[in-house]
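# Results of the structural survey
In case you want the letters, here they are:
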Amino acid sequence: MNEGYPSDASRRRRLKREVWGAPRRFRASCALGLEEILHAEVAALPEVHHAVARPGEVAFDGAFEAVYAALLRLRSADTLRLSLGEMPAETFPMLFDQLTRLSWPLFLPPRCDLEVRVRSRKSRLRDADGLERTLRKAVAGQGIETRAHGAPRLTVVLELWRDRAEAWLDAAGEPLHRRWGDKWVARTSLRETTAAAVGLFASVGNADLVVDPFCGSGTLLLEAADLIDGTCPGGRRPYALQGSPCFKSERMRHAWRRDCVDAEARAASNRAPRPPLLGWDVDADALEAARANVERAGRTDQVRLARRDARELDLPGLARTVSARMPTIVSNPPYGRRALAVGGDSGWLLAEVLRAAPGWRFALVYPVPAHAEAAPGVQVEEVRSVRMRGLRTHLIRGRVADGR
């Protein structure tokens, strides 16, 4: 039965009582292997407690207000979802009855372009189309039109596990790695969220010189620049949550001032002069993409690029020129065919670059840790296995002995 959409006043009273004033459950996803890095980010958010890392995600509880800081501040998260409710789902009638009990008008506007995603594992209900129809019918029963062209686009994810279901609202919309719309990419471009995780893994905020000798489209350097400046990764983009009745624009503005404007000002007052960020690549197309991305990000005064062979760099001399005490390499070095294209096998090329960097720290995205460990003077401190878009690789952190 269609109950009708509540009035604005009635809905606002219920929002205050049931959403804004009540604890909520959230889930942020990430690439497999980055959970510990994301967990540290989530734990640092205001209004958050009980953060738990699981494969490919971090689940956490908190006040509804936490959603604004999470959208603005999480660097290594790919998605952010808000739980709408958990329920038994042994049969379709049971699931429909439970879905009708959710307060859909508190999260969906009266007209929306709703996408429904379904995932069922180890449950009796497996018909994705049937599950979607059941959810849409329950939503329509509360006076909400879900196929309104041109209306706010929102996504609800319905997940079933062992005959229990949970509905989630996607707060981000476009994946969180899309910091500010489309970017120029090269064949080996990293996602911004992965590049940010590398920067956090490398503690680039403590570096006084940052170099990427295989910079590709420049993503690692741009994420390092944001980390150093305290820039909010999510401060330059819209969010799907803005189309939901539960979104409060004044609270988002408050979070933006606190977590973006004020945080960046604090970072500027606490740091020494900005460290140089330098990138090189032999691929002209990749370098063109990097230049376009750096210009679009407004980082041309901080990130400098040049077309050069990484084996010809004088890294010790560069560190002496800027009096760097903690020079750091962050890079996604070529491997396989990419390495062969520049005249050497993978292990040899990486070893050549690291061997020529005495006194430097490094953090790499690289599939074979043994190649780094075999380089003369290299001390590998930590290796983490990571799966990115189905491909297994590693984050490798260490230092090269000074040798003096």
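Everything numeric in this text was worked out from a predicted model, so none of it was measured. (Residues numbered from 1 in each chain as written. Predicted model: local features only at pLDDT ≥ 70, side-chain atom pairs only at ≥ 80, totals over all residues. Heavy atoms only, no water.)

## Comments concerning the state of the cysteines
Tallying each qualifying case throughout the model produces 1 disulfide. Between cysteine 232 and cysteine 260 runs a disulfide, and the two sulfur atoms are separated by 2.4 Å. Between cysteine 232 and cysteine 260, the S-S torsion sits near -105°, and that sign places the bridge as left-handed. Note that cysteine 232 is positioned in the loop between α7 (219-229) and α8 (249-270) and cysteine 260 in helix α8, a separation of 28 residues in sequence. With a relative accessible area of 5%, cysteine 232 lands in the buried category. Take cysteine 30: it sits in no disulfide, and the sulfur closest to it among the cysteines is that of cysteine 232, at 19 Å. With no disulfide of its own, cysteine 112 has cysteine 246 as its nearest cysteine by sulfur position, at a separation of 12 Å. (Disulfide = S-S within 2.5 Å. Helix = DSSP H or I, 4+ residues; strand = E, 2+ residues; numbered from the N terminus. Buried < 20%, exposed > 50% of the residue type's maximum accessible area, 1.4 Å probe, protein only.)

## Observations regarding the environment of alanine 207
Relative to the helices and strands, alanine 207 is located in the loop between α6 (192-202) and β8 (209-212). Considered as a pair, alanine 207 and proline 276 are 69 residues apart in the sequence and their alpha carbons are 9.5 Å apart. Those residues within four positions of alanine 207 in sequence are excluded, and the remaining contacts are Pro275, Met326 and Thr328. (Contact = heavy atoms within 4.5 Å.)

## Digging into the nonpolar core
Judged by nonpolar contacts, the single largest core of 96 residues is most densely connected at Leu71 and Trp104. Not counting residues within four places of it along the chain, the set of residues in contact with tryptophan 104 comprises Leu84, Leu99, Leu135, Ala138, Val139, Gln142, Ile144, Val156 and Ala167. Counting 26 residues, the second largest nonpolar core, distinct from the first, contains Ala310, Ala351, Leu354 and Ala357. (Core = buried A, V, L, I, M, F, W, Y, C linked by side-chain atoms within 4.5 Å.)

## Re the environment of leucine 391
The topology assignment puts leucine 391 in strand β14 (residues 391-400). Judged by relative accessible area, leucine 391 falls into the exposed class, the value being 62%. Note: C-alpha distance between leucine 391 and cysteine 232 (159 residues apart in sequence) is 28 Å.

## Notes on helix α1 (residues 8-20)
Its 13 residues place the ends of α1 only 15 Å apart at the C-alpha level, less than the 18 Å of an ideal helix rising 1.5 Å per residue. Bending of α1 peaks at approximately 30° at the position of arginine 14. Taken together, the buried positions of α1 are Arg11, Leu15, Val19 and Trp20. Against the buried residues of α1 lie β1 (23-29). (Expected span 1.5 Å × (residues − 1). Bend = angle between axes of the 7 residues up to and from the residue.)

## Topic: helix α3 (residues 66-73)
Counting buried positions along α3 gives 7 out of 8 residues, so the element sits mostly inside the fold. Within α3 the residues assigned to the buried category are Ala66, Val67, Tyr68, Ala69, Ala70, Leu71 and Leu72. Elements in contact with the buried residues of α3: β1, β2 (48-54), β3 (57-63), β4 (79-88) and α8.

## So, unusual backbone geometry
Phi at lysine 122 is positive, roughly 55°, even though this residue is not glycine. Relative to the helices and strands, lysine 122 is located in the loop between β5 (113-121) and α5 (128-140). Phi is positive for aspartate 163, close to 65°, though the residue is something other than glycine. When its relative accessible area of 15% is taken as the criterion, aspartate 163 is described as buried.

## Thoughts on the packing of α3 against α8
Relative to each other, α3 and α8 sit at 50°, their axes nearing to 9 Å. Relative to α8, α3 is oriented oblique. Here the hand of the crossing between α3 and α8 comes out right-handed. In this structure, α3 uses Tyr68, Ala69, Leu71, Leu72 and Arg73 to contact α8, whose residues at the interface are Arg251, Met252, Ala255, Trp256, Arg258, Asp259 and Cys260. Tallied by class, the residues present in the contact of α3 with α8 amount to 8 nonpolar, no polar and 4 charged. (Axes fitted to C-alpha atoms, helices over the stretch in contact; angles between N-to-C directions. Parallel < 35°, antiparallel > 145°, perpendicular 65-115°, else oblique. Left-handed = near helix turned anticlockwise from the far one by under 90°. Nonpolar A, V, L, I, M, F, W, Y, C, P; charged D, E, K, R; others polar.)

## Description of the packing of aromatic side chains
For the coordinates displayed, the defined rule picks out 4 aromatic pairs. Arranged with centres 5.9 Å apart and planes meeting at 85°, the rings of phenylalanine 64 and tyrosine 68 form a pair that is edge-to-face. Like tyrosine 68, phenylalanine 64 is buried. By the ring-pair criterion, three or more aromatic residues cluster together here, those being Phe64, Tyr68 and Phe247. Sitting over the ring of phenylalanine 96, lysine 137 keeps its end group 5.0 Å from the ring centre. One cation-aromatic arrangement involves arginine 397 over phenylalanine 201; the distance from NZ or CZ to the ring centre is 4.6 Å. (Phe/Tyr/Trp six-rings, centres within 6.5 Å; stacked < 30°, edge-to-face > 60°. Lys NZ or Arg CZ within 6 Å of the ring centre and 35° of its normal.)

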